[in-house]
Amino acid sequence: MSTVMQEMHTDIGLVNTIVARSSLSFINGEKGILEYVGYGIDDLARQSTFEETTYLLWNRRLPSRVELAEFNTLIRSNYDLSETLWDMIVSLPRDASPMHALRTLTSALALEDPAADDPSIEANTRKSIVMLAKMPALIAGFDRHRKGLDLIRPNVEATIAENFLYMLTGKKPTERMSRAMDICLILHADHGFNASTFASLVTISTLSDIYSAVTTAIGTLKGPLHGGANQGVMYMLQEIESIDAVEEYVLNKFANKERIMGFGHRVYKSNDPRATYLKTFAEGIAQDTGNIDLFNKSQRIEEVMDREVGSKGIYPNVDFYSATTYFSLGIDLDLFTPLFAMSRVSGWTAHCMEYLAENRLIRPRCDYVGPHEQEYVSISQR
Ligand code: SDX
């Protein structure tokens, strides 16, 4: 073992640190480019489905028609929950946060999986399908429980997007609403080593199990600087009384050194292509559902932000227009981040399986700045 300490560098927040190689998401922050395994995000949002995108991330290639049909069947056969899990949902406190509920229920899936700790790619693929397929029921089931409504069992004929909306409302969603949800799931599926994905890799790198890795990721996604921002955007839009009040609201935030949720990004210093795509979509959905004032306020915020901080590379990110889209689809605000998790579980599990193939324990160093050689004084003297 070499005793020579390799050259250490300090990089608080890992802003300029590459931790591993990956062939899943390519992001060019200067040009605003995002590709999943080389496929442009616009092409995938326009032509793919969330199931096909997940297959692409897990297998690094698009499926044939037969493979996709088999994949869809496999996912749908895993939609339902055990009676134990349905009972667990209705045992939760109704006023619990949906993200706490999702983290708890996802973790509970491991309790009834005899192969929970099997690290093989076959077992991890099966467990990834379990989490992908069951998250919609966990989220929708908890929402209906907290509202005192009957739980709706999954529709195994439906896509993930359609099945989620059906279990949430008890009604078959329109084609347009299912497609809007499907596109949101595609756009949120993966994004390189974002905080929650990186957190899942720290867990999997210890050779812990993939349920634990996804539980770590859900807890990390919850933060308002990450996946929790979409809820923050909606609270902001509801706080601003009218489009005329936008400029003063934003300037007051700046005066108080507060952040505008849905703007800025560690990597994108130009437009987040997901926000660009969502913006066009949000306008149509908002128009159709009588929420165009939300979209108009969003656009006005974007104009003021562009004038004030556009030169600093602060642009709308994926959360800014997903808020209006989800709200227009009738989704409760505190379900926005669980929806993000329902999509990102495909990316989290893809990265975990990819990283495990050439695993290296993730264990950085810290620059110790505390005292040395302290003399111990017994408690009787203190
Ligand atoms: C997601 O990483 C990913 O890929 C994440 C994600 C994914 O798909 O997984 O894309 C999803 O998490 C999107 C980000 C959602 N978060 C928000 O919308 C929260 C608001 N945004 C920020 O807090 C911030 O932009 C971050 C956290 C997203 C990025 O922060 P950085 O890279 O650490 O940058 P920073 O905090 O150092 O800010 C640099 C400057 C600062 O100004 P100065 O102190 O240099 O004068 O930009 C300013 C910040 O004050 N700034 C903002 C701002 N974001 C940054 N000013 C006002 N409003 C904002 N939103």
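Here, every reference points to the structure presented above.
Now for a description of the structure that goes with this document. Model, not experiment: these values are computed from the prediction.

**A look at the pattern of salt bridges**
This model, assessed by the stated rule, comprises 21 salt bridges. The salt bridge partner of Arg 300 is Glu 247, with a shortest N-O separation of 3.1 Å. With Arg 300 in helix H14 (residues 292-309) and Glu 247 in helix H12 (residues 246-255), this residue pair connects regions lying 53 residues apart in the sequence. Look at Arg 300 and you get partly exposed, because its relative accessible area is 23%. With a relative accessible area of 25%, Glu 247 lands in the partly exposed category.

**Describing the site of the ligand**
With respect to spatial proximity, 22 residues lie near the ligand, and among them His 191, Arg 259, His 265, Arg 266 and Arg 274 are the closest. In the environment of the ligand, an oxygen atom lies 2.7 Å from a nitrogen or oxygen atom belonging to the side chain of Arg 266. A distance of 2.8 Å separates an oxygen atom of the ligand from a polar side-chain atom of Arg 344. Burial of the ligand by the protein amounts to 72% of the accessible area it has alone, namely 1100 Å². Looking at side-chain class alone, the shell around the ligand contains nine nonpolar, seven polar and six charged residues.

**Let's talk about the packing of helix H5 (residues 98-108) against helix H10 (residues 210-221)**
Angle between the axes and distance between the axes: these two values describe a pair of packed helices. Taken N-terminus to C-terminus, the directions of H5 and H10 make an angle of 175°; their axes are 9 Å apart at the nearest point. Judged on the interaxial angle alone, H10 and H5 are roughly antiparallel. For the pair formed by H5 and H10, the contact residues are Met 99, Leu 102, Arg 103, Thr 106 and Ser 107 on the first element and Tyr 211, Val 214, Thr 215, Ile 218, Gly 219 and Leu 221 on the second. Each residue belonging to the contact of H5 with H10 can be placed in one class, and the counts come to six nonpolar, four polar and one charged.

**Considering the side chain of Thr 349**
Residue position: Thr 349 is located in helix H16 (residues 336-357). Setting aside anything within four residues of it in sequence, one finds Thr 349 in contact with Trp 58, Ser 128, Met 131, Ile 210 and Val 214.

**Considering the pairing of strand S1 (residues 25-28)**
The pairing of S1 with strand S2 (residues 33-36) spans four bridges and is classified as antiparallel. Across the sheet, Ser 25 pairs through a bridge with Tyr 36, a residue of S2. Between S1 and S2, which pair antiparallel and follow one another directly, the connecting turn spans four residues, one of which, Gly 32, has a positive phi of 70°.

Calculation criteria
Per chain, residue numbering runs from 1 following the sequence as it is written. At least 70 in pLDDT is required for a residue's local features to be given in this predicted model, at least 80 for side-chain atom pairs to be given and counted, and no such filter applies to totals for whole chains, interfaces and linings, which use all residues. The side-chain figures draw on all heavy atoms in the structure; neither hydrogens nor water molecules are used. A pair is scored as a salt bridge if a Lys or Arg side-chain nitrogen falls within 4 Å of a carboxyl oxygen belonging to Asp or Glu. Strands are runs of DSSP state E lasting at least two residues, helices are runs of H or I lasting at least four, and both sets are numbered from the N terminus onward. Three labels apply to residues, based on accessible area from a 1.4 Å probe with only protein chains included: buried if under 20% of the type maximum, exposed if over 50%, partly exposed otherwise in between. What makes a residue near a molecule or strand is one non-hydrogen atom of that residue sitting within 4 Å of it. Here a polar contact means two N or O atoms within 3.5 Å. Within protein one must be a hydrogen donor candidate and the other an acceptor candidate, and residues neighboring in sequence count only if both atoms are side-chain atoms. Areas reported as accessible are Shrake-Rupley estimates using a 1.4 Å probe. Residue values count occlusion only from the protein chains shown. Residue polarity is assigned by list, with Asp, Glu, Lys and Arg as charged and Ala, Val, Leu, Ile, Met, Phe, Trp, Tyr, Cys and Pro as nonpolar; anything else, Gly included, falls into the polar class. Here the axes come from fitting lines to C-alpha atoms, over the contacting stretch only for helices, and the angles between their N-to-C directions go from 0 to 180 degrees. Angles below 35 degrees are treated as roughly parallel, those above 145 as roughly antiparallel, those between 65 and 115 as roughly perpendicular, and all remaining angles as oblique. Note on definitions: a residue-residue contact is assigned when non-hydrogen atoms from the two residues lie within 4.5 Å. Think of it this way: DSSP has to see at least two bridges between two strands before they count as a pair.

Honestly, it's all geometry; don't read function into it.
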